[in-house]
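Now for the letters of each chain:
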Amino acid sequence: MIYLWTFDKPRSPDSPTSAAMRVVITGGCGFIGQMVARSVLRRGKLLTHAPGGTAERLAPVTEVVLADVSRPPRLLFDQLEEETQVVLGDVSDAGFCRSLMSTDDTPLSIFHLGAVMSGQGEADFDLAMGVNLHGTLNLLEAARHAGGARPRFILASAGATLGAGSPTDFVSAEGVVGDETRATPHTTYGMTKACAELLVGDYSRRGFVDGRGVRLPTVLVRAGAPNAATTGCFSAVIREPLAGDGVIAPISPHVKHAVTSYRTAVDCLVGMHELEAEAVDSVLGYDRTVFVPSTALSLSDLDDALRKVVSPSSAERLGKVSYAADEKLSAAVGSFPTKVDCRRALQLGLGGAIPPDAETMVREYCEGKLVS
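Given the structure is predicted, the values throughout are model-derived calculations rather than measurements.

A.B. asks: Could you give an account of the pattern of salt bridges, naming the residues involved and the relevant values?
C.D. replies: Two side chains bearing opposite charge may form a pair once their charged atoms approach each other closely. Counted by the stated rule, this structure contains 19 salt bridges. Here Arg22 and Glu63 are joined by a salt bridge, their closest N and O atoms 2.8 Å apart. With Arg22 in strand 1 (residues 21-26) and Glu63 in strand 3 (residues 56-68), this pair connects stretches of sequence that are 41 residues apart. Arg74 serves as the salt-bridge partner of Glu81, at 3.7 Å between the closest nitrogen and oxygen. The exposure class of Glu81 is buried, given its relative accessible area of 6%. What emerges from the salt-bridge pattern is a single network uniting Asp179, Glu197, Arg215, Asp287 and Arg344.

Structure (structure tokens):
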């Protein structure tokens, strides 16, 4: 089913505005996609390039398209049911990608969040290549040939572009990584994200799109059904117990891992979009993707935080967290660097200087009314 709603937003009298704009969010029916959509709708206007020059203007958002391979029975918020268009299809189909774009001079922005995640990508190489690599290229080509001015293209990348754990790696679990760290992915998922970053950089250099990327760590706490990420249990140890369900984690309880809150992730994605092109170019140059602020937490840290946040009278109703650690998976996650230099993101004003702690992440999940 397709939900379509067109709506008008008041224009600010002191801000130059351009024609109403179209916003496309791939992976839009996923948790982060829906949160980005809600943030965009709340803003009402986004910054866009003006036709025929380098000027930028605010444009009222009149179309928000959630593009995905499937949709849940109900979106997270009534506003999304009423004010977005859900379009089902596969970004590995170039024709589907073209169908998502503006065909006239309507300003266009794309948030590219859709991807085959790490676990599924390792199980199905061809699927990961088709969606993550060819799908990104299809979207960039479709955006390049869209009818309006130079589109903004926001890529959700991942720390999986780096690799650690092998004696031949350039980084180790104890090392500090940053935007300048060389990509040496250990997974097909990480490789396709590294390629996507390079594609976005070159399409931006050529002036086809105004591309910017944020390299997200594991995002907490994801509402809804678990995704296929190997680190999905970092959300599960909060989400499932709050729903009264038990969870068996496949990673050792004391393995530290770089995580960030969903609010930080969404703020960085939308905030990166809203930066003026001149500011982005002056900081990012040819390397268009930045690490966002994160903090190192273990599953036991999150379990402890949950039990501190809930009232003592409710603690007994929490589902139980137990562990059946997979040694290979625990070693792989434990090899990821947890010290991340995000100075370029901070220079751009993204994410805040102090990442949220475990208790804050739990409270954000509860206060956001995301608990089932």
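A.B. asks: A description of empty space enclosed by the protein should follow, citing residues and the corresponding values.
C.D. replies: Under the criterion given, the structure shown has one cavity of 30 Å³ or more. No other element matches helix 6 (residues 188-205), which puts three residues into the lining of the largest cavity. Looking at the lining of the largest cavity residue by residue, the classes come out as three nonpolar, five polar and one charged.

A.B. asks: Provide a residue-level description of the packing of aromatic side chains, including the pertinent values.
C.D. replies: In the structure shown here, the tally under the stated rule is two aromatic pairs. An angle of 65 degrees between the planes, with centres 5.4 Å apart, marks the rings of Phe31 and Tyr262 as edge-to-face. Residue Phe31 is located in helix 1 (residues 31-43), and its partner Tyr262 is located in helix 8 (residues 262-274); the two are separated by 231 residues in the primary sequence. Accessibility assignment for this pair places Phe31 and Tyr262 in one class, buried.

A.B. asks: Pulling in residues and values, what's your account of the pairing of strand 5 (residues 108-112)?
C.D. replies: In terms of burial, strand 5 is largely enclosed, as five of its five residues are buried. Neither face of strand 5 is left uncovered, since the one carrying Leu108, Ile110 and His112 and the one carrying Ser109 and Phe111 both have all their residues buried. Here strand 1 runs beside strand 5; their pairing, made up of five bridges, is parallel. Considered in strand 5, the bridge of Thr26 is made with His112. Examined bridge by bridge, strand 5 and strand 6 (residues 152-158) share four bridges and lie parallel to one another. Looking across to strand 6, one finds that Ile110 is bridged to Phe153.

A.B. asks: If you had to explain the side chain of Glu364 to someone new, which residues and values would you point to?
C.D. replies: Take Glu364: it is sitting in helix 14 (residues 358-367). Despite its burial, Glu364 remains without a salt bridge, the nearest opposite charge being carried by Arg263 at 4.2 Å. Filtering out sequence-adjacent residues up to four positions away, Glu364 remains in contact with Ser261, Tyr262 and Arg263.

A.B. asks: I'd like to hear about the nonpolar core, residue by residue, with values.
C.D. replies: Ile25, Ile32, Val36, Phe234, Ile238 and Met272 are the most contacted members of the largest nonpolar core, which has 77 residues in total. When near neighbours in sequence (up to four residues on either side) are disregarded, Ile25 contacts Gly33, Val36, Ala37, Val64, Val65, Leu66, Ala67, Phe111 and Leu113. Counting residues in hydrophobic clusters, the runner-up holds 25 residues, among them Val87, Ala128, Leu139 and Ala146.

Calculation rules
- Residues numbered from 1 in each chain as written.
- Predicted model: local features only at pLDDT ≥ 70, side-chain atom pairs only at ≥ 80, totals over all residues.
- Heavy atoms only, no water.
- Salt bridge = Lys/Arg side-chain N within 4 Å of Asp/Glu carboxyl O.
- Helix = DSSP H or I, 4+ residues; strand = E, 2+ residues; numbered from the N terminus.
- Buried < 20%, exposed > 50% of the residue type's maximum accessible area, 1.4 Å probe, protein only.
- 1 Å grid on protein atoms, 1.4 Å probe; cavity = no way out; pocket = protein on both sides within 12 Å on 5 of 7 lines; lining within 4 Å.
- Points joined across faces, edges and corners; volume = space filled by probe spheres on them.
- Nonpolar A, V, L, I, M, F, W, Y, C, P; charged D, E, K, R; others polar.
- Phe/Tyr/Trp six-rings, centres within 6.5 Å; stacked < 30°, edge-to-face > 60°.
- Pairing = 2+ DSSP bridges.
- Lys, Arg positive; Asp, Glu negative; His and termini not counted.
- Contact = heavy atoms within 4.5 Å.
- Core = buried A, V, L, I, M, F, W, Y, C linked by side-chain atoms within 4.5 Å.

What is shown is where atoms sit, not what they do.
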